[in-house]
Amino acid sequence: MTTDAEETTLTVDELAARAGVTVRTVRFYASRGLLPPPVIGPRRVGRYGPGHVARLALIEELQHQGMTLAAIERYLRRLPPGLTPHDLAIHRAVVASWAPDAVEELARPELERRAGRALTAGDLDRLAAMNVVTAGDGGTFRVDSGLLRLGVRLLDVPLSHETILAAREVLMEHSRAAARELSRLLRGEVAERAARDVKSLSAHMQPLVVQALLTAFQRSLREELGEWLTGPGAGPGSGSGTG
């Protein structure tokens, strides 16, 4: 993760408050290399930005899932370099989705408070299309809290409701296929093992498999979009020269 292009405006106290942790926790994570160093500003005061906030949120989520500090260090070391705050938010959403109790039922005022903004009917439709929010009883909403922040950020992406639904269908179809194949491979590997060993292997493999799939998907999508935007079929008038 880099901080070159982001505003580094937070002091360590403000960073801790934003992330909901103590300053001591921030300094401890930094001492273990889990957080990148701050940008040193005037009077030698360290300044932090959105990337630090996103990384802290990911670390806290990993801890919430029961991962040890050593396991968190290994997880973070395997992340691709140069991740943006948005990329880190995606990783956190995936990690949060491991939890079976990620869905909460919220009244609209609380949903908007969590979202950090007022939500129009159109916003709620788009969040529903992303499977982040579904209407509950009595005006409440069932909310996937692990995906809420990411879903709210995607509200400002200029995609039509139909495209979001179609994209969700594509992702669901191919993720199920990948899950089936991986499950088949793992079942063959553990067929002769005791049930206790199988559970232990599953607990260790799940975060690694999810991270591998997410990283592979991000790279593949970046390559596909790059070819689309820069390739010979990018559109009329696109050529090899730039003038």
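One can find the structure itself at the top, above this paragraph.
For the structure given in this document, a descriptive report is provided here. The structure presented is a predicted model; accordingly, all values stated were derived computationally and were not measured.

## Quick word on the side chain of glutamate 73
Here comes step 1: Of note, glutamate 73 is situated in helix α4 (residues 69-77).
Here comes step 2: Residue classification places glutamate 73 among the buried positions, given a relative accessible area of 14%.
Here comes step 3: Beyond its immediate chain neighbours, meaning those up to four positions away, glutamate 73 contacts Arg32 and Leu34.

## What to know about the sheet that holds strand β3 (residues 103-106)
Here comes step 1: One open sheet holds the 3 strands; their spatial order is β3-β5-β4, and the pairing between them is antiparallel. Both outer strands of the open sheet, β3 and β4 (133-135), are each paired with one neighbouring strand and no more. Averaged over neighbouring strand pairs, the angle between their axes works out to 25 degrees when direction is ignored.
Here comes step 2: In this sheet, strand β5 (residues 141-144) lies alongside β4 in antiparallel orientation, the contact comprising 3 bridges. When the sheet's bridge partners are listed, alanine 135 is paired in β5 with phenylalanine 141.
Here comes step 3: Contacts between helix α6 (residues 108-115) and the sheet are confined to β3, β4 and β5, with β3 contributing the most and set at about 125 degrees to the helix.

## Focus on helix α1 (residues 12-19)
Here comes step 1: Within the span of α1, buried status applies to Val12, Leu15 and Ala16. On an axial view of α1, the arc spanned by its buried residues comes to 100 degrees, and they lie on one face. Exposed residues on α1 whose side chains face more than 90 degrees from its buried face are Asp13, Ala17 and Arg18.
Here comes step 2: Looking at the buried residues of α1, the elements they touch are α2 (23-31), β2 (46-47) and α3 (50-64).
Here comes step 3: At the exit of α1 stands glycine 20, carrying a positive phi of roughly 75 degrees.

## Focus: the nonpolar core
Here comes step 1: With 26 residues, the main nonpolar core has Val26, Leu58, Tyr75 and Leu76 as its most contacted residues.
Here comes step 2: A total of 6 residues in this core trace back to one element, the largest contributor, which is α3.
Here comes step 3: Setting aside its immediate chain neighbours within four residues, valine 26 contacts Val12, Leu15, Ala16, Val21, Leu35 and Leu56.
Here comes step 4: If you look at the next biggest cluster of nonpolar residues, it comprises 16 residues, including Ala115, Leu119, Leu127 and Ala129.

## Describing the pattern of salt bridges
Here comes step 1: A full pass over the atoms with the stated rule returns 6 salt bridges.
Here comes step 2: Arginine 114 is the partner of glutamate 104 in a salt bridge, and the nearest nitrogen-oxygen pair spans 3.0 Å. Of the two residues, glutamate 104 sits in strand β3 while arginine 114 sits in helix α6, which places them 10 residues apart along the sequence.
Here comes step 3: Here arginine 113 and glutamate 110 are joined by a salt bridge, their closest N and O atoms 2.8 Å apart. Of this pair, arginine 113 and glutamate 110 both sit in helix α6, 3 residues apart, which is roughly one turn of the helix.
Here comes step 4: Assessed through its relative accessible area of 24%, glutamate 110 is described here as partly exposed.

## Looking at the layout of surface pockets
Here comes step 1: Approximately 680 Å³ is the volume found for the second largest pocket.
Here comes step 2: Taken together, 30 residues line the second largest pocket, and the ones lying closest to its centre are Arg18, Val53, Ala54, Ala57 and Arg149.
Here comes step 3: Mapped by element, the contributors of at least two residues to the lining of the second largest pocket are α1, α3, α5 (85-96), α6 and α8 (145-154).
Here comes step 4: At 8 residues, the largest contribution of residues to the lining of the second largest pocket is made by α3.
Here comes step 5: Per-class residue counts for the lining of the second largest pocket are 17 nonpolar, 5 polar and 8 charged.

The rules behind each value
- Residues numbered from 1 in each chain as written.
- Predicted model: local features only at pLDDT ≥ 70, side-chain atom pairs only at ≥ 80, totals over all residues.
- Heavy atoms only, no water.
- Helix = DSSP H or I, 4+ residues; strand = E, 2+ residues; numbered from the N terminus.
- Buried < 20%, exposed > 50% of the residue type's maximum accessible area, 1.4 Å probe, protein only.
- Contact = heavy atoms within 4.5 Å.
- Pairing = 2+ DSSP bridges.
- Axes fitted to C-alpha atoms, helices over the stretch in contact; angles between N-to-C directions.
- Arc of directions from axis to C-beta.
- Core = buried A, V, L, I, M, F, W, Y, C linked by side-chain atoms within 4.5 Å.
- Salt bridge = Lys/Arg side-chain N within 4 Å of Asp/Glu carboxyl O.
- 1 Å grid on protein atoms, 1.4 Å probe; cavity = no way out; pocket = protein on both sides within 12 Å on 5 of 7 lines; lining within 4 Å.
- Points joined across faces, edges and corners; volume = space filled by probe spheres on them.
- Nonpolar A, V, L, I, M, F, W, Y, C, P; charged D, E, K, R; others polar.

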